[in-house]
Amino acid sequence: MKTRGNLFILTILVFTLLSSVASAELLNLKTESKNYSKEQVENNSFFDIFITIPQNYEKVELGAELLANVKLINLGSSGRVDVLMVYEIKDVDDKPIITKKETVAVETQANFVRTFDIPQDAETGAYKIYAKIIYADGKEAAAEASFEIVKPSSQKTKDYLIYGSLAVIILAILIYLSIKSKVIIDRIKMKLQIRSIVKKKLG
Amino acid sequence: MASTLIIISVENLQKEVNDVVKTLSANPGIYVSLNKTHESIENILKKEKISTNKLFFIDCVTSEQKRNDVLHISPRELDKLSSAISTFIKDIPGKKFLVIDALSTLLIYNDENKVAQFVKEITEFASGKEVEVIALSPKTKGEELLNKIFNFFDKVKKK
C-alpha cells in the first residue's frame, strides 16, 4: 500500500514537473512567437507610400512648379513614427535634377502635397518623380510617378514665330525660284523661237 | 556700225521710218513696233514697195500670236524685249539693222529710268557688232527721257 502510495505521489510529482516544463515550453513558445512577429515587423515594409501627380501638372513648363500628392500609410507600429522622406526627380537616363529630403511624422496615415521648382535650364522631356520613405534601420518603401517638362508657352510662341517665319521665307524662296525658273524657261523658249524664225527667213 | 536717235515730228515719223527701212532693206533687220501692229506696219511698208522679207518683227502692241515669225512682247517687259533684241542680233548673220519705233511709247508703260537703262543695254550690246541701231521718237514726247538717252547714241538727228 505504502509502495502504491509512493508511486502515486511520484506520478503526481512527475506529472507536475512535466506540466510545469510544458507550461514553460509553452510560455517560451509564446515569447518566441511574439519575438518572430517583432522580427517580421523589422524585415518587411510596414509603410506603404503612394505618389500621384494631378492631371494639371502632368505637363510642367520649365521654371514652373511641379505639384505632387504623397500618401503614407503606417501599416505596422502603432503611434507616431518619424520617417525620412527622399524625393528625386530624374530624367529618362536616370539623371537626377532635383533631390529633396525631409522628416515626416506619421501615425496611421499621412496625406500631404509637395511642390518642386523645375529648373529653367532643365531639358524638356519625360521625367519621373520618386518618393522614398526610410524608416526603422534603413528599411525603405518607394513609389514613383511620371510627368513631362515642356517649354514655356512664351518660348513656344517664340518657336512658332521662328518656325513660321522660316516657313514663310522658304515659301517665298520657292515661289521666287518657281517664278525665276518660269522666266528662264520662257526666255529659252523665246530664244529657240527666234532661232527658228531667223532660220526660216534667211535659210 | 552706228547707233542713231532720230527725233522727229509725229506727222513725219512714219515717213522717216519708211525711208530708214527702205535705205537699209538690203540687209536683214529687226523692227520693234511700239505704236502700230506688225500687220499695220507691214501693210504700210508694202504700199511703199519696201520689201519685208528680211524684216523680223517684234510686235509690242498686240499679244495675239497670228504668225509664227512674229514675236509678241509686252512693252512692260523691257528685260524680255532686250533679251529678244539681243538674240536676234546674235542669230542674224552679217550686217543687220534695228529700228525702234517709237522709243517714247515705252514711257507710257515704264519708268523713265528703266527705259533709259533699256536703251543703254541695247546700244551697248549693239556697239561693236554688225548692227545699225535707229531709234525714233516724236519731238513732243518724253523730252526728259531724250535728254537722258541721247548720250548713248553715236548720232542724234533732230528733224
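Residues numbered from 1 in each chain as written. Chains lettered and ligands numbered in written order. Predicted model: local features only at pLDDT ≥ 70, side-chain atom pairs only at ≥ 80, totals over all residues.

1. Concerning the overall build of chain B
- The helix and strand tally for chain B stands at six helices and seven strands.
- Per-residue burial for chain B yields a buried fraction of 40% across its 159 residues.
- Sequence separation of 24 or more characterises 82% of the internal contacts of chain B that already satisfy a separation of 6 or more. (Helix = DSSP H or I, 4+ residues; strand = E, 2+ residues; numbered from the N terminus. Buried ≥ 20, exposed ≤ 12 C-beta atoms within 10 Å, placed from the backbone. Contact = placed C-beta atoms within 7 Å.)

2. Structural notes on the interface of chain A and chain B
- If you look at the interface, chain A gives 11 residues, while chain B gives 11 residues.
- Across the side of chain A that touches chain B, the residue classes break down as five nonpolar, one polar and five charged. (Nonpolar A, V, L, I, M, F, W, Y, C, P; charged D, E, K, R; others polar.)

3. Brief notes about the sheet that holds strand 1 (residues 3-8) of chain B
Residue and element names in this part refer to chain B.
- The sheet built from seven strands is open, its strands ordered 4-3-2-5-6-1-7 with parallel pairing. The sheet is open, and its two borders are formed by strand 4 (70-72) and strand 7 (155-158), each paired with just one other strand. Within this sheet the neighbouring strands show an average axis-to-axis angle of 15°, counted without direction.
- Pairing of strand 1 with strand 6 (residues 131-138) involves six bridges; the strand directions are parallel. When the bridges of strand 6 are listed, Ile-6 appears paired with Leu-136.
- Against the sheet, helix 5 (residues 112-126) contacts strand 1, strand 5 (96-101) and strand 6, and its axis sits at roughly 155° relative to strand 6. (Pairing = 2+ DSSP bridges. Axes fitted to C-alpha atoms, helices over the stretch in contact; angles between N-to-C directions.)

4. What about the sheet that holds strand 4 (residues 81-91) of chain A?
All names here are of chain A.
- Here five strands make up an open sheet; going across it, the order is 2-8-7-4-5 and the pairing mixed. Edge strands, defined here as strands with exactly one partner in the open sheet, are strand 2 (59-61) and strand 5 (96-106). Averaged over neighbouring strand pairs, the angle between their axes works out to 30° when direction is ignored.
- Relative to strand 8 (residues 139-150), strand 2 is paired through three bridges, and the arrangement is parallel. By the bridge assignment, Glu-61 is partnered in strand 8 with Val-150.

5. Observations concerning the confidence of the model for chain B
Residue and element names in this part refer to chain B.
- Of the residues in chain B, 98% reach a pLDDT of 70 or more, and the chain-wide mean stands at 90.
- For chain B, the element scoring lowest by mean pLDDT is helix 6 (residues 143-149), at 79; strand 2 (residues 29-33) scores highest, at 95.
- Taken over the whole predicted complex, pTM reads 0.57, whereas the ipTM for its chain interfaces reads 0.87. (pLDDT = per-residue confidence, 0-100.)

6. Quick look at the packing of helix 2 (residues 153-202) of chain A against helix 3 (residues 78-91) of chain B
- It is the contact of helix 2 of chain A with helix 3 of chain B, at a shortest axis distance of 10 Å, that shows an interaxial angle of 35°. The interaxial crossing formed by helix 2 of chain A with helix 3 of chain B has right-handed handedness. Between helix 2 of chain A and helix 3 of chain B, the residues in contact are A:Arg187, A:Met190, A:Lys191, A:Ile194, A:Arg195 and A:Val198 and B:Ser83, B:Ala84, B:Thr87, B:Phe88 and B:Asp91, respectively.
- Of the residues contributing to the contact of helix 2 of chain A with helix 3 of chain B, the split by class is five nonpolar, two polar and four charged. (Left-handed = near helix turned anticlockwise from the far one by under 90°.)

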